[in-house]
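Listed below are the residues making up each chain.
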Amino acid sequence: MADISLLAQAIDRGDMEKAVALTRAAAASGANPKDIIAKGLQAGMASVGEKFSSGEYFLPDMLMAARALKAALEVLKPMLEKTGIPTIGRVVIGTVEGDMHDIGKNVVATFLSGNGFEVFDLGLNVPVQKFVDEVKDKKPDILGMSALLTTTMPVFSKVIKALEQGGLRSSVKVIVGGAPVTQDYANYIGADGYAHDGGRAVPECRKLLGK
Amino acid sequence: MALTPKQQILAAARGQKLDKLPFGARIDVWYNYHSAHGTLPDKYKGWSQVDILRDQGAGVEVRFFAVTREEYRDMEVVETNDPPYITTEYRTPVGTVAKKEVFDTSEGPWIKYEMEKLFKSEKDYPVIKYVMEHTGAVANFEPYYKLREEVGEDGMVMTAAGGLWSPVQRVMREIIGYEQFFYELADRPARVEEMIEAVKDLERRKLRVGIECDLEIFNICANWSDDIQTPVFRKYFIPWFQEVSEFLHARGRLVMAHTDGEMRRLNRMFRETGIDIAEAITPAPQTLVSMKEFREQLGDGATIWGGIPSILFEPMYSDADFDAYIKNMFKEMAPGYRFIVGMGDNVPFDGDINRVGRVVELIDKYGRLPIQV
Ligand code: B1M
């Protein structure tokens, strides 16, 4: 039986070749693909998240890990055709209207998808109505919004109000973040969650879903 | 005779001792928004931002892009304008590359963002290299001189010889995009380095033209964030900064970086760059670094310009919070030399413009140098 902890390590180090080889070996040895994902790939990504939050890792570390994870998942895809990749929950995420900063939002989206969330990324400069339409259409468990400017933070409230008006607010948890955003601000506008960085967004989203 | 605001800023930038903190304030985000929406306060309707800053009693900091312009040869550059998008195609004998930008200033900030980058895949390397090699630099001094005349002795027009973002930053941010940059650097480092070298050569050409303009301070880089740049800072950024700083210092000029991002893990390396001024310094609560830490980590060789994070101008903070923050910042920066009070990096559109005047009053009361704690 292949040692799945080595797979987690390969993801943590962003070693794509090794991650693919170890995934193949684990699958060939009969390991359950869901275990390979949870104990290998997601465990590795969780470790990257912690190191990113603590300041030990940087954007490229996260990017390399995400790429390794994606390649390893490709190996497992045929085995998961019937059941699909197991997900913890569905997230729609985007940077709010007027805001052209997407690096941080991409980090959050990557950590979430690398940790088992199904993520729909709407990109940047997303109009209020688009968020509402996507909540209606995709029926996510969580709506994530990012803003990097104090001038665009107020858009969070606009979206929350529009969700209320559309009768959608109770169907979705709202999490917000971005450099100028604080927990106090998130409480103030009635968001359900806040995370300071990409690594912390994962446990926060799990908490919101009680998982 | 008392020094003018411009002389004060330049003196602090050169490390000379003053008897009061200089102040160079930047308000273009606030100003552009309210001008575009017709919502400038009654008193300021029809005023220029320079006059508003004068009225507030503050030294002026305004931005001008660059004192050179790019000029292309042996290629066709076709621009298609479909507001708010501009698509630019570079048709060269070795192939075509294109970028799609959005440009708008009506919401306050100038928004210029490459929705589609010039680089899309490996086949674009030789074309982009060709574009860089066949781009020249020509003087664009007149608009800068005009703005400088408008500001006069009341402050500074901050500008650059060429690209606002050093060659590596231009490749990362504008040409390839941050994320793809790191993948390319991992997969094809030699090609990325070749591209950086081509952009460096172009920037050297701009510097040789720009040096003929008699500006005192050259801005050579902007918009770092330590999550992104730290791992490549020593290898790709510092040697360039050292080269440019040496070139400019030898000609009696000062060197500045617009350091408005999270600087936590970059501050100590900043000391190796040769850069004189770290401008738009943005401390906690907007980033994780306090002003005291900035002072310690950047060392006494660098002048700090900034210190007031833009969120402090927001209504979320009361006047009392604002005053307490400013007074504490002065203490943290004691004795206060090599420090120019300024914004990190602007007054937001819903900020209170009169807080600029409050800073002036607080400097008068508490900003005498050396600051006694
Ligand atoms: C859903 O749940 C969540 C949970 C957590 C979430 C989350 C969502 N979203 C983010 N997080 C969190 O997790 C992420 C990962 O750990 C983190 O994301 P971050 O984005 O914080 O971190 C990234 C990994 C790295 N950091 C970044 O990517 C941002 C770095 C800084 C330097 C920055 C950059 C790079 C840029 N900028 Co701009 N920029 C600055 C930034 C300074 C800073 N201190 O942040 C900031 C944000 N910019 C600012 C400004 C003023 C501007 N920028 C502008 C433009 C740009 C660039 C395009 C040049 C570029 C962005 C490129 C891009 N593709 O994103 C302009 C605005 C354009 C617009 N309309 O959006 C312009 C207005 C500049 C001008 N004068 O025109 C400032 C905002 C000030 C304010 N109070 O509003 C700024 C703080 C710099 C400063 N000190 O003044 C967390 O915040």
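Heads up: the structure comes first, above all this text.
Predicted model only: the values in this text are computed from it and were never measured. (Residues numbered from 1 in each chain as written. Chains lettered and ligands numbered in written order. Predicted model: local features only at pLDDT ≥ 70, side-chain atom pairs only at ≥ 80, totals over all residues. Heavy atoms only, no water.)

S.K.: Provide a residue-level description of helix 4 (residues 125–133) of chain B, including the pertinent values.
M.R.: Taken together, the buried positions of helix 4 of chain B are occupied by Tyr125(B), Val127(B), Ile128(B), Tyr130(B), Val131(B) and Met132(B). In this structure, the buried residues of helix 4 of chain B make contact with strand 5 (85–92), strand 6 (95–104), strand 8 (135–139), helix 6 (167–176), helix 7 (178–187) and helix 8 (189–210) of chain B. (Buried < 20%, exposed > 50% of the residue type's maximum accessible area, 1.4 Å probe, protein only. Helix = DSSP H or I, 4+ residues; strand = E, 2+ residues; numbered from the N terminus. Contact = heavy atoms within 4.5 Å.)

S.K.: Mind laying out the pattern of salt bridges, listing which residues take part and the relevant values?
M.R.: All names here are of chain B. Evaluated as defined, the whole model comprises 50 salt bridges over all chains. In this structure, Arg-91 engages Glu-76 in a salt bridge whose closest nitrogen and oxygen atoms are separated by 3.7 Å. Of this pair, Arg-91 sits in strand 5 while Glu-76 sits in strand 4 (residues 76–82); the two residues are 15 residues apart in sequence, bridging distant segments of the chain. Residue class for Arg-91 comes out partly exposed when judged on its relative accessible area of 35%. Judged by its relative accessible area of 46%, Glu-76 is partly exposed. Bridged by salt links that share partners, the residues Glu-70, Arg-170, Glu-174, Glu-203 and Lys-206 form one connected network. (Salt bridge = Lys/Arg side-chain N within 4 Å of Asp/Glu carboxyl O.)

S.K.: Can you break down the site of the ligand residue by residue, with the values?
M.R.: Taken together, 45 residues lie around the ligand, and Met100(A), His101(A), Thr150(A), Asp260(B) and Ser310(B) are the ones closest in. Each of chains A and B places residues next to the ligand. With respect to the ligand, the side chain of His101(A) contributes an N or O atom lying 2.7 Å from a nitrogen atom. Thr150(A) places a main-chain nitrogen or oxygen 2.7 Å from an oxygen atom of the ligand. Breaking the shell around the ligand down by element, the ones donating at least two residues are helix 5 (103–114), strand 3 (142–146) and strand 4 (173–177) of chain A together with strand 7 (111–116) and helix 9 (226–250) of chain B. Broken down by element, the shell around the ligand gets its largest block of residues, four residues, from helix 5 of chain A. Classifying every residue of the shell around the ligand gives 19 nonpolar, 17 polar and nine charged. (Near = heavy atom within 4 Å. Polar contact = N/O pair within 3.5 Å; in protein donor to acceptor, adjacent residues only side chain to side chain. Nonpolar A, V, L, I, M, F, W, Y, C, P; charged D, E, K, R; others polar.)

S.K.: With reference to specific residues and values, describe the packing of aromatic side chains.
M.R.: All names here are of chain B. Scanning the model with the defined rule gives 17 aromatic pairs over all chains in all. Taking the centre distance of 5.4 Å and the plane angle of 55° together, the rings of Phe-313 and Phe-322 count as tilted. For the pair Phe-313 and Phe-322, one class covers both residues: buried. Three or more aromatic residues joined by ring pairs make a cluster, and in this case those are Trp-224, Phe-233, Phe-237, Phe-241 and Phe-270. Taking the ring centre of Tyr-113 as reference, the NZ or CZ of Lys-117 above it sits at 4.5 Å. (Phe/Tyr/Trp six-rings, centres within 6.5 Å; stacked < 30°, edge-to-face > 60°. Lys NZ or Arg CZ within 6 Å of the ring centre and 35° of its normal.)

S.K.: Can you explain the interface of chain B and chain A? Please cite residues and give values.
M.R.: Where interface size is given, it is often the accessible area lost as the parts come together that is meant. Contact with chain B, which involves 24 residues of that partner, is made by 22 residues of chain A. A buried area of about 2,200 Å², summed over both sides, lies between chain B and chain A, and 70% of it is on carbon and sulfur atoms. Counting every contact that joins chain B to chain A gives one salt bridge. Here Asp187(B) makes a salt bridge to Arg67(A), at a shortest N to O gap of 2.7 Å. (Buried area = accessible area lost by both parts, 1.4 Å probe.)

S.K.: Explain the side chain of Ser53(A) to me, and be specific about the residues and the numbers.
M.R.: Residues and elements named next belong to chain A. Relative to the assigned elements, Ser-53 resides in helix 3 (residues 33–54). For Ser-53, a relative accessible area of 17% gives the class buried. Here Asp-197 takes part through its side chain, which lies 2.6 Å from a polar atom of the side chain of Ser-53. The contacts of Ser-53, once residues within four sequence positions are left out, are Asp-197, Gly-199 and Arg-200.

S.K.: Break down the side chain of Asp260(B) for me, with residues and values.
M.R.: All names here are of chain B. Structurally, Asp-260 can be placed in the loop between strand 11 (254–258) and helix 10 (267–270). Although Asp-260 lies buried, it forms no salt bridge, and the closest oppositely charged side chain, Arg-26, sits 6.8 Å away as judged by the N-O distance. Within polar-contact distance, the side chain of Asp-260 engages the side chain of Asn-223 at 3.0 Å. In contact with Asp-260, not counting residues within four places along its chain, are Asn-223, Trp-224, Glu-279, Ala-280, Thr-282 and Asp-345. (Lys, Arg positive; Asp, Glu negative; His and termini not counted.)

S.K.: Tell me about the environment of Leu76(A), and please be specific about residues and values.
M.R.: Residue and element names in this part refer to chain A. With respect to the element layout, Leu-76 can be found in helix 4 (residues 59–76). Taking the C-alpha atoms as reference points, Leu-76 and Val-20, separated by 56 residues in sequence, lie 9.7 Å from one another. In this view, Leu-76 contacts Thr-23, Ala-27, Pro-33, Ile-36, Ile-37 and Leu-41; residues no more than four positions away in its chain are not counted.

S.K.: Hey, could you go over unusual backbone geometry for me, with residue numbers and the actual values?
M.R.: Of note, the bond from Pro83(B) into Pro84(B) is cis; its omega dihedral lies within 30 degrees of zero at 0°. Secondary-structure assignment places Pro84(B) in the loop between strand 4 and strand 5. Residue Asp345(B) is bonded to the preceding Gly344(B) through a cis peptide linkage, with omega at -10°. Among the structural elements, Asp345(B) can be located in the loop between strand 14 (339–344) and helix 13 (354–366). Of note in the backbone geometry, Asn125(A) takes a positive phi value of approximately 55° without being a glycine. Relative to the helices and strands, Asn125(A) is located in the loop between strand 2 (117–121) and helix 6 (128–138). Not every positive phi belongs to a glycine, and Lys139(A) is a case in point at roughly 50°. Tracing the chain through its elements places Lys139(A) in the loop between helix 6 and strand 3. The exposure class assigned to Lys139(A) is exposed, which follows from its relative accessible area of 62%.

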